[in-house]
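Spelled out, the chains give:
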Amino acid sequence: MHKVKSIFGDNSKTFRPKKQIQSGTKRYELHKHAKATLGSGNLRLAVALPEREDLNEWLAVNTVDFFNQINLLYGSITEFCTPKSCPVMSAGPRYEYHWADGEKIKKPLKVSAPEYVDYLMTWVQGILDNEEIFPSRVDVPFPKNFQGVVRNIFKRLFRVYAHIYYSHFHKIVSLGEEAHLNTCFKHFYYFIDEFNLVEKREMAPLQDLIDNLIGKSAD
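Just so it is clear, the structure is predicted and the values come from calculations on it, not from any experiment.

(A) Looking closely at the overall build of the chain. Secondary structure summary: the chain contains 7 helices and 2 strands in total. Going residue by residue from the N terminus, the α and β elements of the chain occur as β-β-α-α-α-α-α-α-α. The contacts in the chain between residues at least 6 apart in sequence include a share of 70% that link residues at least 24 apart. About 11,500 Å² of surface is accessible on the chain, with carbon and sulfur atoms providing 49% of the total.

What follows is the structure in structure tokens.
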């Protein structure tokens with residue numbers, strides 16, 4: 001585990017090491033393109049598939065980037081998200097999430113929010129490290145089910161945002177980081193919307209927030 005300085009304050013939190021994109025590769029060039037475009041401030045433009053680029057490569061690069069971003073966001077509030085404060089992974093009283101990965105855990109488990117997120121991040125890290133699913137070499141093709149795997153990852157990462165907004169937003173506001181969280185989520189939303197990665201019913205817990213953020217956006 002690495003110690004990473006919290007983006008929401010001065011406390012260091014321990015959480016999963018970031019997944020790195022190897023420099024000098026095609027994927028690294030796409031990663032730099034994504035960062036440069038994001039710096040323009042136009043989030044709609046930042047998520048669009050670059051001209052003449054491969055969709056799966058673009059999905060792969062952004063899956064890693066969003067995984068790292070959400071790791072940082074959640075890592076900054078782990079002090080407040082505990083088994084005692086969050087005994088169930090939820091997004092308000094109407095939405096509760098149980099963990100199953102279909103392999104090690106086939107029957108959905110009712111676990112605390114921090115346990116769920118740990119299961120989730122471990123699961124995603126394992127997929128990103130799997131060369132048969134996320135090949136690092138451009139001469140190795142992506143599997144036929146790659147986009148389905150990506151959709152499943154983003155569906156579950158969305159739940160982390162939903163939990164943060166419902167259970168820890170007051171803490172985010174008190175730390176003065178509301179705008180940063182909103183920008184990160186808006187970027188995430190634009191990406192999943194651009195490529196139809198998360199079904200509308202899965203986004204229901206945050207639909208009012210989405211309507212508010214996007215409605216106010218000029219992007």
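(B) Looking closely at the packing of helix H3 (residues 55-75) against helix H4 (residues 113-128). Contact pair H3 / H4: the axes reach a minimum separation of 12 Å and the direction vectors enclose 155°. Classified by the angle between their axes, H3 and H4 sit roughly antiparallel to one another. Crossing of H3 over H4 shows left-handed handedness. For the pair H3 and H4, the contacting residues are Thr63, Val64, Phe67, Ile70, Asn71 and Tyr74 in the first and Ala113, Pro114, Val117, Met121, Val124, Gln125 and Leu128 in the second.

(C) Structural context of unusual backbone geometry. One non-glycine residue, Arg52, lies in positive phi territory at about 65°. As for its position among the elements, Arg52 is in the loop between helix H2 (43-47) and H3.

(D) Broad picture of the packing of H4 against helix H5 (residues 146-174). Look at H4 against H5: their axes get within 11 Å of each other, and the N-to-C directions meet at 150°. Considered as vectors, H4 and H5 are oriented roughly antiparallel to each other. Regarding H4 and H5, the two cross each other, and that crossing is left-handed. Residue-level contacts link Ala113, Tyr116, Val117, Leu120, Met121, Trp123, Val124 and Ile127 of H4 to Val149, Asn152, Ile153, Arg156, Leu157, Arg159, Val160 and His163 of H5. Of the residues belonging to the contact of H4 with H5, the class tally is 12 nonpolar, 2 polar and 2 charged.

(E) Molecular detail of the nonpolar core. Counting 60 residues, the largest nonpolar core has Tyr161, Phe185 and Phe188 as the members making the most contacts within it. Elements represented by at least two residues in this core include exactly H2, H3, H4, H5, helix H6 (178-194) and helix H7 (207-216). Tallying contributions element by element places H5 first for this core, with 13 residues. Beyond its immediate stretch of four places on either side in the chain, Phe188 contacts Phe66, Ile70, Phe154, Leu157, Phe158 and Tyr161.

(F) Structural detail: the pattern of salt bridges. For the coordinates displayed, the defined rule picks out 7 salt bridges. The residue Asp139 makes a salt bridge to Arg137 at a minimum N-O spacing of 2.5 Å. Arg137 gets classed as exposed once you look at its relative accessible area, which sits at 51%. Salt bridges linked by common partners bring Arg159, Glu199, Arg201 and Glu202 together as one network.

(G) Representation of the state of the cysteines in the model. Under the criterion given, the structure shown has 0 disulfides. Cys86 provides the cysteine sulfur closest to Cys81, a residue in no disulfide bond, and the two sulfurs are 3.8 Å apart. On the basis of relative accessible area, Cys81 is assigned to the buried category, the value being 3%.

(H) Structural view of the environment of His98. Structurally, the position occupied by His98 is in the loop between H3 and H4. Sequence separation between His98 and Ala113 is 15 residues; the distance between their C-alpha atoms is 9.5 Å. In this structure, His98 is in contact with Pro108, Leu109, Lys110 and Tyr116, ignoring residues within four places of it in sequence. Here the side chain of His98 touches Glu96 through a polar contact of 2.7 Å, side chain to side chain.

Rules of the game
- Residues numbered from 1 in each chain as written.
- Predicted model: local features only at pLDDT ≥ 70, side-chain atom pairs only at ≥ 80, totals over all residues.
- Heavy atoms only, no water.
- Helix = DSSP H or I, 4+ residues; strand = E, 2+ residues; numbered from the N terminus.
- Contact = heavy atoms within 4.5 Å.
- Areas by Shrake-Rupley, 256 points an atom, 1.4 Å probe, with all protein chains shown as cover.
- Axes fitted to C-alpha atoms, helices over the stretch in contact; angles between N-to-C directions.
- Parallel < 35°, antiparallel > 145°, perpendicular 65-115°, else oblique.
- Left-handed = near helix turned anticlockwise from the far one by under 90°.
- Nonpolar A, V, L, I, M, F, W, Y, C, P; charged D, E, K, R; others polar.
- Core = buried A, V, L, I, M, F, W, Y, C linked by side-chain atoms within 4.5 Å.
- Buried < 20%, exposed > 50% of the residue type's maximum accessible area, 1.4 Å probe, protein only.
- Salt bridge = Lys/Arg side-chain N within 4 Å of Asp/Glu carboxyl O.
- Disulfide = S-S within 2.5 Å.
- Polar contact = N/O pair within 3.5 Å; in protein donor to acceptor, adjacent residues only side chain to side chain.

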